[in-house]
Amino acid sequence: MPVTLTWTGHATWLIDTGAGTLLVDPFFDECPTSSMRAQDVDCDAILVTHAHFDHLADAVAIAKRTGASVLCNFEIAQWLGRHGVAKTLAMNIGGRADVPGGHAKMEIAHHSSSFADGTYGGNPAGWLLDVGGSRIYLAGDTSVFLDMERIGRPDQSGHGLDVAILPIGDLFTMGPADSLEALRMLKPKVALPSHYDTWPPIAQDATAWAGAVRAAGLADARVLRPGESVVVP
Ligand code: NI
Ligand code: MN
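Residues numbered from 1 in each chain as written. Chains lettered and ligands numbered in written order. Predicted model: local features only at pLDDT ≥ 70, side-chain atom pairs only at ≥ 80, totals over all residues. Heavy atoms only, no water.

**Q** Sorry if this is basic, but what is going on with the coordination of the nickel ion (ligand 1) here?
**A** Ideal geometry at a metal centre: 109.5 degrees between donors when four sit tetrahedrally, and 90 or 180 degrees when six sit octahedrally. Protein ligation of the nickel ion (ligand 1) involves His50 (NE2), His52 (ND1), His111 (NE2) and Asp141 (OD), the donor distances falling in the range 2.2 to 2.3 Å. One can describe the donor arrangement at the nickel ion (ligand 1) as irregular, given that its four donor atoms subtend angles of 89 to 178 degrees at the metal. In the primary sequence, the donor residues of the nickel ion (ligand 1) line up as H-x1-H-x58-H-x29-D. The manganese ion (ligand 2) is placed at 3.1 Å from the nickel ion (ligand 1), the two being bridged by Asp141. Taken together, the positions of His111 in the loop between β8 (102–108) and β9 (125–131) and Asp141 in the loop between β10 (134–138) and α4 (148–151) put the pair 30 residues apart, joining distant regions of the chain. Judged by relative accessible area, which is 26%, His111 ranks as partly exposed. (Donors = N, O, S within 2.8 Å, 3.2 Å for Na, K, Ca; no water. Tetrahedral: all angles 85-135°; square planar, octahedral: opposite > 155°, others 65-115°. Helix = DSSP H or I, 4+ residues; strand = E, 2+ residues; numbered from the N terminus. Buried < 20%, exposed > 50% of the residue type's maximum accessible area, 1.4 Å probe, protein only.)

Now the structure itself:
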């Protein structure tokens, strides 16, 4: 069964691996562009890239209601525990864990990570997923960085990235131009934009971005509207 990726808006993704649904960076009810309400989300595991509110806001409510385990850095796991979330898996950069349908590896990201009250939220991260026979990289909030060359390398069986999900909003993360630089290193089959158009400061012309990615021969760039899905080829 092919893996299906659904963008609900901002940096929130639902990934149906065929063996379960992963929810990345739950931000629904306070997200101006979200296609879903937090109470309607069903998932088997929650993956969090960092502690900023636009990636963590609905994690507590969804984890409590669904019983899904939350994979995140050590500091976020402790914070979730203090907020009554029973099932967390504390990780750190370089660690790999089982998820329904495969594995998730926590990768580096160049960003910051604090909770809404300003306290320390551990290191920010990205996720490299091997699920349902597909290899999917979610960069999280980050600038472009040279290790993307390593992240894009094929695995031991020669399987490179099927999908790279990159922020293009600029200002808080890489922007469109640097995302092309990232794709030169990552070499995915499909590129999907994230973390843009939520608020005016990160408005971007994603159609123009996709045209530039395709014109440069870097990937099959697809632009989704919130609530739309793509099946991994
Ligand atoms: Ni952030
Ligand atoms: Mn963010």
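**Q** Even after reading the chapter, I still don't get the sheet that holds strand β2 (residues 12–16), so can you show me in this structure?
**A** Pairing is mixed in the open sheet, where seven strands are placed in the order β6-β5-β4-β3-β2-β1-β14. Because the sheet does not close on itself, it has two edges, and the strands there are β6 (88–91) and β14 (229–231). Averaged over all neighbouring strand pairs, the angle between strand axes comes to 20 degrees, with direction disregarded. Pairing of β2 with strand β3 (residues 21–24), which is carried by four bridges, proceeds in the antiparallel orientation. Looking at β3, one finds that Ile15 is bridged to Leu22. Sitting on the sheet, helix α3 (residues 74–82) is in contact with β5 (69–73) and β6, with an inclination near 135 degrees to β5. (Pairing = 2+ DSSP bridges. Axes fitted to C-alpha atoms, helices over the stretch in contact; angles between N-to-C directions. Contact = heavy atoms within 4.5 Å.)

**Q** I would appreciate a short explanation of the coordination of the manganese ion (ligand 2) in the present structure.
**A** Coordination of the manganese ion (ligand 2) by the protein comes from Asp54 (OD), His55 (NE2), Asp141 (OD) and His195 (NE2), over a distance range of 2.2 Å. Along the chain, the residues that donate to the manganese ion (ligand 2) are spaced as D-H-x85-D-x53-H.

**Q** For this particular structure, what's the right way to read helix α6 (residues 206–215)?
**A** Since the α-helix advances by 3.6 residues per turn, residues separated by three or four positions end up pointing in the same direction. Listed as buried for α6 are Ala206, Trp209, Ala210 and Val213. The buried residues of α6 occupy one face: seen down the axis, they fall within an arc of 95 degrees. Turned more than 90 degrees away from the buried face of α6, the exposed residues are Thr207 and Ala215. Each element contacted by the buried residues of α6 is listed here: α5 (176–186), β12 (190–194) and β13 (220–221). One side-chain oxygen at the N-terminal end of α6 lies 3.2 Å from the backbone nitrogen of Thr207; it belongs to Asp205. Directly after α6, the chain includes Gly217, whose backbone phi takes a positive value near 70 degrees. (Arc of directions from axis to C-beta. Polar contact = N/O pair within 3.5 Å; in protein donor to acceptor, adjacent residues only side chain to side chain.)

**Q** Even after reading the chapter, I still don't get the pairing of β6, so can you show me in this structure?
**A** Both faces of the sheet carry side chains from a regular strand, because those side chains alternate between them. Looking at chain direction, β5 and β6 are connected through four bridges and run parallel. Opposite Leu71, over in β6, you have Leu89 as the bridge partner. Taken together, β5, α3 and β6 form a β-α-β motif whose crossover is right-handed. (Right-handed = clockwise from strand over helix to strand, strands pointing away.)

**Q** Looking at this model, I keep getting lost on the pattern of salt bridges. Mind explaining?
**A** Any two side chains of opposite charge can pair, given that their charged atoms come close. Throughout the structure, instances matching the rule amount to nine salt bridges. Close ionic contact of Asp130 with Arg135 constitutes a salt bridge, the shortest N to O distance being 2.8 Å. On the basis of relative accessibility, which here comes to 25%, the residue Asp130 falls in the partly exposed class. Overall, the relative accessible area of 9% leaves Arg135 in the buried class. Salt bridges linked by common partners bring Lys105, Glu107, Asp147 and Arg150 together as one network. (Salt bridge = Lys/Arg side-chain N within 4 Å of Asp/Glu carboxyl O.)

**Q** Looking at this structure, I do not really get the environment of Leu166. What am I missing?
**A** Topologically, Leu166 is positioned in strand β11 (residues 163–167). The buried category is assigned to Leu166, whose relative accessible area is 1%. For the pair Leu166 and His195, spaced 29 residues apart in sequence, the C-alpha separation works out to 7.9 Å. Filtering out sequence-adjacent residues up to four positions away, Leu166 remains in contact with Tyr137, Ala139, Met174, Ser179, Ala182, Leu183, Leu186, Leu192, Pro193 and Ser194.

**Q** I'm lost on the packing of aromatic side chains in this one. Help?
**A** The geometry of an aromatic ring pair is captured by the separation of the ring centres together with the interplanar angle, meaning the angle of the planes. Across all of its chains, the model carries six aromatic pairs by this definition. Consider the rings of Phe27 and Trp199, whose centres lie 6.0 Å apart with planes at 45 degrees: the pair is tilted. Separated by 172 residues along the polypeptide, Phe27 in the loop between β3 and β4 (45–47) and Trp199 in the loop between β12 and α6 bring together distant segments of the chain. Residue class for Phe27 comes out buried when judged on its relative accessible area of 0%. Cluster of aromatic residues (ring-pair linked, three or more members): Trp7, Trp13 and Tyr196. (Phe/Tyr/Trp six-rings, centres within 6.5 Å; stacked < 30°, edge-to-face > 60°.)

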